[in-house]
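Each chain, letter by letter, is given below.
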Amino acid sequence: MTRSHSSYDIVIVGAGIAGSALAHALSAAASTSRAAPLRVALLERSLEEPDRIVGELLQPGGVAALRSLGLGDCLEGIDAIPVHGYAVLDAGKTVHIPYPDNAEGRSFHHGRFVQNLRKYAKASPGVDVLEATVTDLIECPHTGRVLGVQARREGRDDKESFYADLVVVADGCFSNFRTAVMGAAAHKPVVRGHFVGAVLEDVTLPIPKHGTVALIKGHGPVLLYQIGEHDTRILIDVKNPLPSDLKNHILTSIVPQLPAALHIPIHDALAKERLRRMPNSFLPPVEQGAPHTKEGVLLLGDAWNMRHPLTGGGMTVALADVALLAPLLAAAPDLADAHALAELLHRWHWARKPLAATINILSVALYDLFGADDEYLAVLRTGCFKYFERGGECVRGPVSLLSGLAPDPVLLFNHFFSVAVYAVWALFAHPRQVHVPGREKAVTVMPSLLDYPALLVTALRAFWTAIVVFAPLLWTEIRWW
């Protein structure tokens, strides 16, 4: 039974990062582009502080987008930690990858940041923030156009209708409405593994105030970053199929390959904390507003586009998307005009490409290298680490891409295949460890001329593997249908 109805210009489903930021941004943009404020309803199933193990590291590009939206103060008062770059660990060696030009990111407890965003949304003129579970899209029985949503408030059995010229669905990676909105164009997220997370207490990372990526032989990478004065998040990549005993897997296969200073804090955390996991999903963006998608509704954030969380780029992309989209929507003369909205979404789709495509492609490509699970990916991973060891532009370029400060897919292409070429060259020019019969430990030797034919085959297959990794990811971004 439907109890009552309300009418708005825009209804936003989901008050997470993207939804809350959009509500505030629409209000701010409308104040300069419209005679009257936009009426916006922001609906969220629960307005309690969320508790997640991802969405805790905001890259410098994301900080810049946040500030451009007038939301920079959301990073204050939540025990956020400055982040100055990364440390990459591999077999006892560490390479320092600082952000360029003293750029700074932030890491924090996800829920505290979201609550600050919601606070700003609540204070925005024309925005109603309501705790209600959206259950259905309201569609015109004749045209199929989405006219609004039905939602149920806590403690009530009846549903309430919220009508709007436009519905924005930003309900996250487990979106209930993705398929309904995208129709035949809907893609199913690709999940190749999970991040298993815990919080370590009073840990000193190899380079303080830097994200730490530990490369684990035979397994996916481990990511660590400080999220509070005393708290450090550890995320352990576990590939599918998940082992039946996750704790034992971590303690026997992962922890021995991490720095000794982390062993006791990890054991302590696993002894008293329930392990939590999140799928590492990849969902390429499909243009919205085209004939195959529903009119009157659009997807935003992880409901529409996801990338591997290894590079911490999700919030950066979401906030940058909001910064581009909000002024376009606020300036639209008629949000109910399907043709005009389709043109607007087309402009937005391609305007976001430089940043979104760079971060989307980089996240999966870097994960494939860092989580190398075959001989040729392992060659590329070794080459990548050696490439970073060169310093200079070999560090500045890649970290500028990762941080969201260089939205340039061409630069990404250049560095990715520079890594591939350098990895091939290192096969022939760098010493390697080999096992000699009669010796327990491997010895380090330079390749000999007799090794060259086999190395040439390995080199060609490694370079082909680089193409196989990069080309499909590029295609998901440049396809136009």
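The preceding data block contains the structure.
Keep in mind it's a predicted model, so treat the numbers as computed, not measured.

(A) Representation of the overall build of the chain. Along its length, the chain carries 13 helices and 18 strands. For a compact globule of 481 residues, the expected C-alpha radius of gyration is about 23 Å, and the chain comes in at 24 Å, within 12% of that figure. On the principal axes, the C-alpha backbone points of the chain span a range of 80 × 45 × 45 Å. Here the chain holds 481 residues, and 56% of them are scored as buried. A separation of at least 24 residues holds for 74% of the contacts in the chain among residues at least 6 apart in sequence. For the chain, the accessible area works out to roughly 20,800 Å², and carbon and sulfur atoms hold 56% of it. Treating the 43 positive side-chain charges of the chain as one cloud and the 47 negative ones as another, the clouds have centres 3 Å apart.

(B) Spotlight on the sheet that holds strand β3 (residues 57-58). Overall, antiparallel pairing links the three strands, which are arranged β3-β7-β4 in an open sheet. A single partner strand is all that each edge strand has here, and the edge strands are β3 and β4 (81-83). Two elements, β4 and strand β7 (residues 105-107), share three bridges in a ladder whose sense is antiparallel. Residue pairing in the sheet places I81 in a bridge with S107 of β7.

(C) Molecular detail of the sheet that holds strand β11 (residues 190-201). Reading across from one edge, β6-β5-β12-β13-β14-β11-β15 is the order of the seven strands in this open sheet, with mixed pairing throughout. Whereas interior strands pair on both sides, the edge strands pair on one side only; in this sheet they are β6 (93-98) and β15 (276-282). Pairs of neighbouring strands in the sheet enclose a mean axial angle of 20°, with direction left out of account. Alignment of strand β13 (residues 222-226) against strand β14 (residues 231-239), held across five bridges, turns out to be antiparallel. Bridge pairing in β14 links V222 to I236. With respect to the sheet, helix α9 (residues 353-370) is in contact with β11, β12 (211-215), β14 and β15, its orientation differing from that of β11 by roughly 75°. Lying over the sheet, helix α10 (residues 375-389) contacts β5 (85-90), β6 and β12, oriented at roughly 60° with respect to β6.

(D) View of the pairing of β15. Burial runs high along β15: six of the seven residues are buried. Note that β11 and β15 share six bridges and pair antiparallel. Across the sheet, the residue bridging to V190 is F282, located in β15.

(E) Inspection of the environment of A30 at higher detail. In this fold, A30 is placed in helix α1 (residues 17-33). Taking the C-alpha atoms as reference points, A30 and A326, 296 residues apart in sequence, are found 8.7 Å from one another. Non-local contacts of A30, meaning those with residues more than four positions away in its chain, are made with L38 and A330.

(F) Seen up close, the packing of aromatic side chains. What the rule picks out here adds up to 13 aromatic pairs. On the numbers, 6.2 Å between centres and 65° between planes, the contact of Y387 with Y422 is edge-to-face. Of this pair, Y387 sits in helix α10 while Y422 sits in helix α12 (residues 409-429); the two residues are 35 residues apart in sequence, bridging distant segments of the chain. On the basis of relative accessibility, which here comes to 7%, the residue Y387 falls in the buried class. Through successive ring pairs, a cluster of aromatic residues spans F413, F416, F417, F463 and F470. Seen from the ring of W350, K353 lies directly overhead, with NZ or CZ sitting 5.5 Å from the centre.

(G) The pattern of salt bridges, seen in detail. Here the structure, examined in full by the defined rule, presents 17 salt bridges. Across the pair R233 and E56 runs a salt bridge, and its minimum N-O distance is 2.9 Å. Of this pair, R233 sits in strand β14 while E56 sits in the loop between β2 (40-44) and β3, and the two are 177 residues apart along the sequence. For D373, the salt bridge goes to K239, with nearest N and O atoms at 3.8 Å. Within this pair, whereas D373 is found in the loop between α9 and α10, its partner K239 is found in strand β14, the two being separated by 134 residues in sequence. Overall, K239 belongs to the partly exposed group, its relative accessible area being 23%.

Criteria and thresholds
- Residues numbered from 1 in each chain as written.
- Predicted model: local features only at pLDDT ≥ 70, side-chain atom pairs only at ≥ 80, totals over all residues.
- Heavy atoms only, no water.
- Helix = DSSP H or I, 4+ residues; strand = E, 2+ residues; numbered from the N terminus.
- Rg over C-alpha atoms; globule rule 2.2 N^0.38 Å.
- Buried < 20%, exposed > 50% of the residue type's maximum accessible area, 1.4 Å probe, protein only.
- Contact = heavy atoms within 4.5 Å.
- Areas by Shrake-Rupley, 256 points an atom, 1.4 Å probe, with all protein chains shown as cover.
- Lys, Arg positive; Asp, Glu negative; His and termini not counted.
- Charge placed at Lys NZ, Arg CZ, Asp CG, Glu CD.
- Pairing = 2+ DSSP bridges.
- Axes fitted to C-alpha atoms, helices over the stretch in contact; angles between N-to-C directions.
- Phe/Tyr/Trp six-rings, centres within 6.5 Å; stacked < 30°, edge-to-face > 60°.
- Lys NZ or Arg CZ within 6 Å of the ring centre and 35° of its normal.
- Salt bridge = Lys/Arg side-chain N within 4 Å of Asp/Glu carboxyl O.

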